[in-house]
There are 2 protein chains.
Amino acid sequence: MSKTFTAQNPATGQAVGAEIAEWDLVQTSAAIKAAESVKAKLASTNPTQRAALLNAIADAIEADKEKLADTAHLETALPMPRLTGEVMRTVIQIRAFANLVKTGGHLLPIIDLADPNFLPVARPDLRKSQQPLGVVAVFAASNFPLAFSVAGVDTASALAAGCPVIAKAHPSHPNTCQAVYEAVVKGLTSQGFPKELFAIVQGVSPEITHWLAKAPEITAIGFTGSGLVGKLLIKLAGERDIPIPVYAEMGSLNPVFFTPGALSEKADELAKAAVDSALLGSGQFCTKPGIMVVSNDAAGDKFIAQVQSYLSQQKVPPLLNKGIANRFKEAITSLSKSKGLKVITGIANDDGFGVTPNIFVVDWADVKNHDDLLEEHFGPTSVIIRAPFDQYLTIAKAMAGQLGAALHVQAGENVKELVNQLTQLAGRIIWNGFPTAVSVTAAQNHGGQWPASSTHTTSVGLDALYRFVRPVVYQNFPENQLPAELQNSNPYGIERIVNGQRSNTAI
Amino acid sequence: MSKTFTAQNPATGQAVGAEIAEWDLVQTSAAIKAAESVKAKLASTNPTQRAALLNAIADAIEADKEKLADTAHLETALPMPRLTGEVMRTVIQIRAFANLVKTGGHLLPIIDLADPNFLPVARPDLRKSQQPLGVVAVFAASNFPLAFSVAGVDTASALAAGCPVIAKAHPSHPNTCQAVYEAVVKGLTSQGFPKELFAIVQGVSPEITHWLAKAPEITAIGFTGSGLVGKLLIKLAGERDIPIPVYAEMGSLNPVFFTPGALSEKADELAKAAVDSALLGSGQFCTKPGIMVVSNDAAGDKFIAQVQSYLSQQKVPPLLNKGIANRFKEAITSLSKSKGLKVITGIANDDGFGVTPNIFVVDWADVKNHDDLLEEHFGPTSVIIRAPFDQYLTIAKAMAGQLGAALHVQAGENVKELVNQLTQLAGRIIWNGFPTAVSVTAAQNHGGQWPASSTHTTSVGLDALYRFVRPVVYQNFPENQLPAELQNSNPYGIERIVNGQRSNTAI
């Protein structure tokens, strides 16, 4: 008898959906080996075919958008508008990769023709492009049951790179994962690809993490989640006979700095927007502003007063699962005991995995008494640090790596040094805005310094693809033995760099 | 009293040059902190200034080319023409990075303008470019006392990226390192930069490796050397509070496959070329063909006979240091005991750290009896594996990751599957050539699968720069707060991607 588990509706705490069979090691290994055995079918596609496949997968997900949003709503209690939006984000980001792949740009073809006069010695004909790594393991995140889950950005970018994907379904939304899986398979088979190119592993056992990280056929790992699991994956990946890269996003505080000028201009407006950003998705965004730095002057006092008044009217949907809710409550209890801490609360949600929003206010001088204040706490909370403006740089220097950091600044204020410091910590710096909401676009970067990210890469935006390819150069190859993207005739008609010049013509 | 050590002339085994003072932890830490404290002076340069700096360093090295080659000759016993060539390669590769940096291309600027109609939600203004990591530790290699040493490719690419460098001088050529250091400092100061942007740490103590890898100011490591030290660096870097990337190249067998057709066409010519390639630099190239796969037919027999006859006339210069020579002799002794092994020898060199070239011939069926045969042995040796052509793919599949792999093929022979398999192992595949000699150019890739390389990056060619930068995106920043490369006015006049289109004009 195989074990089973059942999803829970966070709004009620009750079981929802069918019983899900827990995968064992044999099934997991078989799925990985099956993916490995057909990887060439995906790797050998030309840009048009691969783009068509991605678009077919996007179409299949879009076709099921109502069902997916409904299923996710029951398992996550996230609001329906958020979930219907998230289905479309999932679809749009897969199509964005299709658009990139169609141009052949992801192959980064660089051709340096033979040059007998090259110095210091004659140069042979060298032609480089990017090749897919092989089977990739993706770990679904709890907080974006579609856009960062089994067919989220990691999967989309890996498939776009030409890599089969084995995704660990998230046990908080297993039926959503299953429904997305079925849509992806529909997309694969509609284009004549074997369904083994994609699989999801269902289960609650922590052993699954080990099975995936240790499988010899797995060539890279994409992960969004806790530092605990991220660091475990890095350890396991490093202990393999052949270590593999782990692209882990492991949480972030995303500090927001409010200058005295900005606060004097619009303390009320900023306070409301700050609370909204902190409570978005019940505070379960990796880009949540977990720290806000506010001047200890009258304008700052006004900001705090407005946070208090506004938060007192706020209630948020329940958290994603029981573990998250319990850890949130424990953290709030622990933080509340910090010396000199003021606690501001919102409206309690007593249903299911509901919690009460809490925002803390503390003087910078007291932060050192409670290390927890500079750590991420998943859920509807944030820490407001009061400090004189001339201490902001010191605060920024005391912080660990972050995904994002934001500043609210009045025109004419000098924040050059603060911005410079924030670029040392974070991968995205926001001016007069909040870190929540991340566009999926070429210029995007959703990665930051350790411990926010394990590498200097991004999981959001087109550059995410390059995590799953590696360069191979062909030296002095005859035309008919070269990959098509490197042949003189340029059969794909793609842009290449030839002897340092961009060209989309034949050589 | 500080400790000292002295270089040895491999041709005599005798001390050469002045006594060198061994650095201690205090000096090393001070140099790292000094580099960190001035890093902004380099990071803040515009493309023109940084290119000028790199060219000034190249000029200073070129100005000392005779002195550098003479010094290196005394410490390495490598032939003078090789060393004068290597000085120029060092100069040329620094200038190649200057040419890249001058275009601003290394900043990879991508601008996506705000778009209220972007889906699924409005897009803010997003502008991304690449920022230097900070102080980089570089470990000089023994086998290229200039081109892979303290001002070799790792240093050149790190400085080009805008990172100060602390280089571990190689104790086998410390006076060369010192002379190069002085040239680099001349280049730095001639352009008004603080000399603290570059330092070399001298010494024979294994502790230096730990000091550099653990220093909190070090942000990345460039390494070319043994798997033992490379793996130690990866371990140390992973144990830090803030782990850092280690770009390690740790040796490679660079297999060369000779098809029956190629051998039937020109066994004699190929045999001589193969021996020349294996003995180049006394077999101390990371691209040395350490494995040659030869068909077990009459053409293969002819190849072996020619190897035997040609090698019997070959004598090579002494190895780079006593340790390398001793390890080589031990490996040869151990390998010679393998079952079914035939040993072909060249002319003994009894001077200093001289050794006798040895090439082994073994049947594929016997390779499994001696694991050592599929490992790298630094020095003038190679293993010829005899096998039927239909076993070549199996042999390739049994191999670990490699920097390069080569094939000699007769027109019309089908080697598609073999080539595909080699691209899974190696970062460079050579057709009808040998893996030694690596052009420094944009299309180059000098990296391969583990254990040849620790990451999917290259240490040779222009892409080496991207190991030492990370992306930062600026969201909704006002023009005057943006880095110059991202400002609307495009003050550097560089090529950027704006809303998906390449452009070198203002926005």
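Residues numbered from 1 in each chain as written. Chains lettered and ligands numbered in written order. Predicted model: local features only at pLDDT ≥ 70, side-chain atom pairs only at ≥ 80, totals over all residues. Heavy atoms only, no water.

## A word on the domain arrangement of chain A
Residue and element names in this part refer to chain A.
Now for step 1: By domain assignment, chain A separates into domain 1 (24-108 + 132-250 + 456-468) and domain 2 (256-431).
Now for step 2: Taking the mean C-alpha position of each, domain 1 and domain 2 sit 32 Å from one another.
Now for step 3: Across the contact, 13 residues belong to domain 1 and twelve residues belong to domain 2.
Now for step 4: Between domain 1 and domain 2 we count zero salt bridges in total.
Now for step 5: For the pair domain 1 and domain 2, the number of links is two residue pairs in polar contact (both at pLDDT 80 or more). (Domains from an automatic or database assignment. Contact = heavy atoms within 4.5 Å. Salt bridge = Lys/Arg side-chain N within 4 Å of Asp/Glu carboxyl O. Polar contact = N/O pair within 3.5 Å; in protein donor to acceptor, adjacent residues only side chain to side chain.)

## Here we look at the interface of chain A and chain B
Now for step 1: With 60 residues of chain A at the contact, the number on the chain B side is 61 residues.
Now for step 2: Of the roughly 5,100 Å² buried between chain A and chain B, counting both surfaces, carbon and sulfur atoms make up 55%.
Now for step 3: Looking at the side of chain A facing chain B, the largest losses of area belong to Trp431, His456 and Arg470 of chain A, adding up to 13% of the total buried there.
Now for step 4: At the junction of chain A and chain B, the tally comes to four salt bridges.
Now for step 5: Inspection of the region where chain A meets chain B yields 41 residue pairs in polar contact (both at pLDDT 80 or more).
Now for step 6: Going through the elements one at a time, α5 (80-103), β3 (110-112), β4 (126-132), α15 (416-425), β16 (426-431) and β17 (469-475) of chain A are the ones with two or more residues in the side of chain A that touches chain B. (Buried area = accessible area lost by both parts, 1.4 Å probe. Helix = DSSP H or I, 4+ residues; strand = E, 2+ residues; numbered from the N terminus.)

## A closer look at the sheet that holds strand β19 (residues 501-503) of chain A
Now for step 1: Pairing in this open sheet of twelve strands is mixed, and the strands run β19(A)-β18(A)-β3(A)-β4(A)-β17(A)-β16(B)-β15(B)-β10(B)-β11(B)-β14(B)-β13(B)-β12(B) from one edge to the other. What marks the edges here is a single partner per strand, and that holds for β19 of chain A together with β12 (342-345) of chain B. Averaged over all adjacent pairs, the angle separating strand axes in this sheet is 20 degrees, with direction ignored.
Now for step 2: Across the sheet, helix α15 (residues 416-425) of chain B touches β4 and β17 of chain A together with β10 (256-258), β15 (402-408) and β16 (426-431) of chain B, and the angle it forms with β16 of chain B is around 145 degrees. (Pairing = 2+ DSSP bridges. Axes fitted to C-alpha atoms, helices over the stretch in contact; angles between N-to-C directions.)

## Overview of the packing of aromatic side chains
Now for step 1: Across all of its chains, the model carries 22 aromatic pairs over all chains by this definition.
Now for step 2: With 6.0 Å between their ring centres and 70 degrees between their planes, phenylalanine 139 of chain A and phenylalanine 223 of chain A make a pair best called edge-to-face. Remark: phenylalanine 223 of chain A occurs in strand β8 (residues 218-224) and phenylalanine 139 of chain A occurs in strand β5 (residues 135-139); sequence separation between them is 84 residues. The two residues phenylalanine 139 of chain A and phenylalanine 223 of chain A agree in class, both being buried.
Now for step 3: Judged by centre distance (5.1 Å) and plane angle (80 degrees), the ring pair of phenylalanine 389 of chain B and tyrosine 392 of chain B falls under edge-to-face.
Now for step 4: Here phenylalanine 389 of chain B falls in the partly exposed class, since its relative accessible area comes to 31%.
Now for step 5: With a relative accessible area of 1%, tyrosine 392 of chain B lands in the buried category.
Now for step 6: Within the aromatic cluster, the residues linked to one another by ring pairs are Phe144, Phe148 and Phe285 of chain A.
Now for step 7: Stacked on the ring of phenylalanine 118 of chain B, the Lys or Arg arginine 123 of chain B has its end atom at 4.6 Å from the ring centre. (Phe/Tyr/Trp six-rings, centres within 6.5 Å; stacked < 30°, edge-to-face > 60°. Buried < 20%, exposed > 50% of the residue type's maximum accessible area, 1.4 Å probe, protein only. Lys NZ or Arg CZ within 6 Å of the ring centre and 35° of its normal.)

## Points about the relation of the copies chain A and chain B
Now for step 1: Note on the copies: chain A fits chain B at an RMSD of 0.0 Å, the axial shift is 0.0 Å, and the rotation between them is 180 degrees. Read as a symmetry element, the transformation amounts to a two-fold axis. Relative to the rotation axis, the C-alpha of glycine 238 of chain A is the closest in chain A, positioned 4.5 Å from it.
Now for step 2: Both copies contact each other with a shared surface, as 100% of the interface residues of chain A are interface residues in chain B too. (Least-squares fit on C-alpha atoms with pLDDT ≥ 70 in both.)

## Here's the deal with helix α7 (residues 174-190) of chain A
Residue and element names in this part refer to chain A.
Now for step 1: Along its 17 residues, α7 runs 24 Å from first to last C-alpha, staying within 8% of the 24 Å computed at 1.5 Å per residue.
Now for step 2: With twelve of its 17 residues buried, α7 lies for the most part within the structure.
Now for step 3: Buried within α7 we find Pro174, Asn175, Thr176, Cys177, Ala179, Val180, Tyr181, Ala183, Val184, Val185, Gly187 and Leu188.
Now for step 4: One or two steps after α7, the chain reaches glycine 192, where phi turns positive at roughly 80 degrees. (Expected span 1.5 Å × (residues − 1).)

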